[in-house]
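Residues per chain, in single letters:
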Amino acid sequence: MTRILTSLVLVLANLIPLYGVFAWEWRVFDIVLVYWIENLIVGLFNVARILFARAPAGAPGGPRGCLAPFFVVHYGIFCTVHGVFVFTLLGGGSSPSDIEQELVSGWLGLSVAALFISHLVSFVFNFLIRGEGRDRAPAQQMFAPYGRIVVLHLAILFGAF
């Protein structure tokens, strides 16, 4: 039952950007911005996963209290660089205040909120309750979201061309 719930929330959250493209004529920048922000959300929940991981005895890696801050800095650098690419290559004259306004009161904000809720539901039901991935070592969990960063980076670069 929880898989159905988390899958349904995930699909519904991703239908908002799809609807944005067709009904609200979102630009490429709008879509990439939403999913770049989702990477920040993924990083936030990954910190929680690192801290709540039940590592097997003798698992490699340092203590959670050291890995989580290291992840925040390292992942933060990756996300910052990608953000520079997003705004430089695709921003096309959007001012920070325009973007902030759209995120706070517009459909982009609804899309980001829905993606946050989707990740929250997944974290609570899949990770905390069902225990999916909780047996990973904190060091292993630390590197889990990097594949997503590479995909986003390539999408930004190829999408810009």
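### Observations concerning the packing of aromatic side chains
At step 1: Across all of its chains, the model carries 14 aromatic pairs by this definition.
At step 2: Centroid distance Phe29 to Phe87: 5.6 Å. Interplanar angle 70°. Geometry classified as edge-to-face. Taken as a pair, Phe29 in helix 2 (residues 28-52) and Phe87 in helix 3 (residues 64-90) lie far apart in primary sequence, 58 residues in all.
At step 3: For Phe29, a relative accessible area of 2% puts it in the buried group.
At step 4: Here Phe87 falls in the partly exposed class, since its relative accessible area comes to 36%.
At step 5: With a centroid separation of 5.4 Å and an interplanar angle of 15°, the aromatic rings of Phe123 and Phe127 are classed as stacked.

### So, the environment of Thr6
At step 1: Counting through the fold element by element, Thr6 comes out in helix 1 (residues 2-23).
At step 2: Separated by 126 residues in sequence, Thr6 and Glu132 place their C-alpha atoms 13 Å apart.
At step 3: Setting aside chain neighbours within four positions, we find Thr6 in contact with Val121, Ser122, Phe125 and Asn126.

### Considerations on unusual backbone geometry
At step 1: Of note, the phi angle at Glu25 is positive, near 55°, even though the residue is not glycine.
At step 2: As for its placement among the helices and strands, Glu25 is situated in the loop between helix 1 and helix 2.
At step 3: For Glu25, a relative accessible area of 68% gives the class exposed.

### Observations concerning the pattern of salt bridges
At step 1: On inspection of all chains with the given rule, the structure shows four salt bridges.
At step 2: With its nearest N and O atoms 2.7 Å apart, the salt bridge here joins Arg3 to Glu132. On the criterion of sequence distance, the pair formed by Arg3 in helix 1 and Glu132 in the loop between helix 5 (107-129) and helix 6 (138-142) is long-range, its members being 129 residues apart.
At step 3: A relative accessible area of 31% means that Glu132 is categorised as partly exposed.
At step 4: Across the pair Glu38 and Arg148 runs a salt bridge, and its minimum N-O distance is 2.5 Å. Residue Glu38 is found in helix 2, and its partner Arg148 is found in helix 7 (residues 146-160); the two are separated by 110 residues along the sequence.
At step 5: With relative accessibility at 30%, the residue Arg148 sits in the partly exposed group.
At step 6: Overlapping salt bridges, with partners in common, bring together Arg3, Arg130 and Glu132 in one network.

### What about the nonpolar core?
A general feature of soluble globular proteins is that nonpolar side chains tend to end up buried together.
At step 1: Counting residues in each nonpolar core, the largest one holds 35 residues, and the members touching the most others are Leu33, Trp36, Phe71 and Tyr75.
At step 2: Those elements giving two or more residues to this core turn out to be helix 1, helix 2, helix 3, helix 5, helix 6 and helix 7.
At step 3: At 12 residues, helix 2 tops the list of elements feeding residues into this core.
At step 4: Apart from the residues within four sequence positions on either side, Tyr75 is in contact with Asn39, Val42, Gly43, Pro145, Tyr146 and Ile149.

### A short note on the environment of Leu154
At step 1: Relative to the helices and strands, Leu154 is located in helix 7.
At step 2: Residues Leu154 and Phe125 lie 29 residues apart in sequence; the distance between their C-alpha atoms is 31 Å.

Analysis parameters
- Residues numbered from 1 in each chain as written.
- Predicted model: local features only at pLDDT ≥ 70, side-chain atom pairs only at ≥ 80, totals over all residues.
- Heavy atoms only, no water.
- Phe/Tyr/Trp six-rings, centres within 6.5 Å; stacked < 30°, edge-to-face > 60°.
- Helix = DSSP H or I, 4+ residues; strand = E, 2+ residues; numbered from the N terminus.
- Buried < 20%, exposed > 50% of the residue type's maximum accessible area, 1.4 Å probe, protein only.
- Contact = heavy atoms within 4.5 Å.
- Salt bridge = Lys/Arg side-chain N within 4 Å of Asp/Glu carboxyl O.
- Core = buried A, V, L, I, M, F, W, Y, C linked by side-chain atoms within 4.5 Å.

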